[in-house]
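# Examining the three-dimensional arrangement
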Amino acid sequence: MKYIDEYRDKDATQLIANEINSAVKDDVALMEVCGGHTMSMQRFGLRSMLSDKVKLLSGPGCPVCVTSIGFIDKLVAYSRLDNVVIATFGDLIRVPGSTSSLERERSNGADIRVVYSSLEALGIAVANKDKYVIFPGIGFETTAPTSAITVIEAKSKGLKNFFMLSSHKVMPPAMEAIIVEGVKINGYICPGHVSAITGSEMYEPIAQKHTIGCVISGFEPVDLLQSIYMLIKQSNSNIGKVEIQYKRAVKPEGNIKAKEIMNRVFVPRDDYWRGLGVLPCSGLTLSKEFEEFDAGKHFNIDVEVAKEPKGCICGQILKGLKTPNECKLFASVCEPSSPVGACMVSSEGSCATYYKYRVRKG
Ligand code: SF4
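Residues numbered from 1 in each chain as written. Predicted model: local features only at pLDDT ≥ 70, side-chain atom pairs only at ≥ 80, totals over all residues.

A pair of packed helices is captured by two measures, namely the crossing angle of their axes and the spacing between those axes. Where helix α3 (residues 35–43) contacts helix α17 (residues 350–357), the two axes come as close as 10 Å, and the packing angle between them is 15 degrees. Compared by their axis directions, α3 and α17 come out roughly parallel. Along this stretch, α3 crosses α17, giving a crossing that reads as right-handed. Mapping the contact onto sequence places Thr38, Met39, Gln42 and Arg43 in α3 and Ser350, Thr353, Tyr354 and Tyr357 in α17. Partitioning the contact of α3 with α17 into residue classes produces three nonpolar, four polar and one charged. (Axes fitted to C-alpha atoms, helices over the stretch in contact; angles between N-to-C directions. Helix = DSSP H or I, 4+ residues; strand = E, 2+ residues; numbered from the N terminus. Parallel < 35°, antiparallel > 145°, perpendicular 65-115°, else oblique. Left-handed = near helix turned anticlockwise from the far one by under 90°. Contact = placed C-beta atoms within 7 Å. Nonpolar A, V, L, I, M, F, W, Y, C, P; charged D, E, K, R; others polar.)

This part covers helix α10 (residues 171–180). Burial runs high along α10: seven of the ten residues are buried. Of all the positions in α10, only Met171, Pro172, Pro173, Ala174, Met175, Ala177 and Ile178 are classed as buried. On its buried face, α10 is in contact with β7 (187–190), α11 (192–198), α12 (204–210), β10 (266–273) and β11 (277–286). Glycine 182 occupies a position one or two residues after α10 and carries a positive phi of about 95 degrees. (Buried ≥ 20, exposed ≤ 12 C-beta atoms within 10 Å, placed from the backbone.)

Our focus in this paragraph is the site of the ligand. Around the ligand there are 14 residues in total, and Cys312, Cys327, Cys334, Gly341 and Cys351 lie nearest to it. Looking at side-chain class alone, the shell around the ligand contains 13 nonpolar, one polar and no charged residues. (Near = placed C-beta within 6 Å.)

Turning next to the sheet that holds strand β8 (residues 213–216). Overall, parallel pairing links the five strands, which are arranged β2-β1-β7-β8-β9 in an open sheet. If you trace the sheet from one side to the other, it starts and ends with β2 (54–58) and β9 (242–244), each paired once. Across the sheet, the mean angle separating the axes of adjacent strands is 20 degrees when strand polarity is ignored. Where strand β1 (residues 28–32) lies against β2, five bridges are found, and the strand directions are parallel. From the neighbouring strand, valine 28 faces β2, where its bridge partner is valine 54. Together, β1, β2 and β7 form the strand contacts of α3, whose direction differs from that of β1 by roughly 120 degrees. Packed onto the sheet, helix α13 (residues 221–236) meets β1, β2, β7, β8 and β9 and runs at close to 160 degrees relative to β8. (Pairing = 2+ DSSP bridges.)

With that settled, the discussion passes to the pairing of strand β3 (residues 84–88). With five of five residues buried, β3 is to be regarded as a mostly interior element. The two faces of β3 match: Val84, Ile86 and Thr88 on one face and Val85 and Ala87 on the other face are all buried. Bridge analysis of β3 against strand β5 (residues 132–137) gives three bridges, and the strand direction is parallel. If you follow isoleucine 86 over to β5, its bridge partner there is isoleucine 134. Sheet analysis places β3 next to strand β4 (residues 111–114), joined by four bridges and oriented parallel.

On to helix α5 (residues 69–79). Most of α5 sits out of view: nine of its eleven residues are buried. Along α5, the residues that are buried comprise Ile69, Phe71, Ile72, Asp73, Lys74, Leu75, Val76, Tyr78 and Ser79.

Packing of helix α2 (residues 10–23) against α13 leaves a shortest axis separation of 9 Å and a crossing angle of 15 degrees. When the interaxial angle is binned, α2 and α13 end up roughly parallel. For the pair α2 and α13, the crossing hand works out as left-handed. Across the interface between the two elements, Ala12, Thr13, Ile16, Ala17, Glu19, Ile20 and Ala23 of α2 pack against Pro221, Val222, Leu225, Gln226, Ile228, Tyr229, Ile232, Lys233 and Asn236 of α13. Across the contact of α2 with α13, the residue classes tally to eleven nonpolar, three polar and two charged.

A word on the environment of lysine 257. Within the element layout of this structure, lysine 257 appears in helix α14 (residues 256–265). Overall, the presence of 10 C-beta atoms within 10 Å leaves lysine 257 in the exposed class. Remark: the alpha-carbon pair of lysine 257 and asparagine 18, spanning 239 residues in sequence, is separated by 41 Å.

For the chain, the assigned domains are domain 1 (2–57 + 173–244) and domain 2 (69–170 + 257–298). Taken together, the contacts link seven residues of domain 1 with 13 residues of domain 2. Those elements that place two or more of their residues in the side of domain 1 that touches domain 2 are α10 and α11. Take the side of domain 1 that touches domain 2: its biggest share by element is four residues, from α11. Its residues assigned to classes, the side of domain 1 that touches domain 2 shows five nonpolar, two polar and no charged. (Domains from an automatic or database assignment.)

Written out as structure tokens, the structure is:
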């Protein structure tokens, strides 16, 4: 607790906020890429401590939020097949597809089970050889290595009834796309957990090409404010470089073993992101060596391209163009108990965190 307390110390937090407010010259827009950062910003009220010159934007870092409706529709279609078990993280169950959700299918009798890890899903396959078990692989570089280990394990066990539908994604193409789309950003608060796997090098092309600061941040108030201060100093000097604030968890080279495993099991592919569309090489699919576990190849079901729910502005929120308060459905029609869009489902989603902490300052 003492360790956490240091990073939540009220005096230290206020001191850094004061430093930021003195240092900021012109208006700056900083985007937190990670859903965990969005949660911490709201939970600790960090926005309200900062000058109006510091605009904090939420980005595309909530895996459930950026996953396409088509992915949910495909899982719904799979869940209706005979002898299929969908073994999934809890968040995904509640994400609305175009006409149904996994939650609704479960109430209609589909075999959909909540798991806390991909290895738990594998265990269900081992224990139920008469069933086909499909695990939806979602998340960024943080969760992809665990999914990769699970697939390696499935192969070593010779399993023929375990499959993964991968929607794993990698962060840099989305960060690049947001800048190219013309969203005005002076710095990125880069994800801590993702970077613990990848290291810092992958942000270099973005920092250099666009002269934009990229600071890898921890999740506590002192971490985040320090990162903001580092970005403002870069912005004031008109430089863009990669820095690591979260040194207690992130090494420049990342986790080499995890990267090796990930690169063996997955290969890049073009993938769809809510709000950003299809981005080249932004997703991960199973490599040739492991394609026998690819649910998309084994269960050949096509679903129609789905439209976003009417009135939902998740796509613009994920690009930092709007805040949840600007959605007409926010906290009226759309609430965590009856989500219209994905951003209201996950605890890391901007709409869910804005709802929980009722943020009024954007
Ligand atoms: S409040 Fe609901 S409908 Fe509005 S953007 Fe968020 S998830 Fe979509």
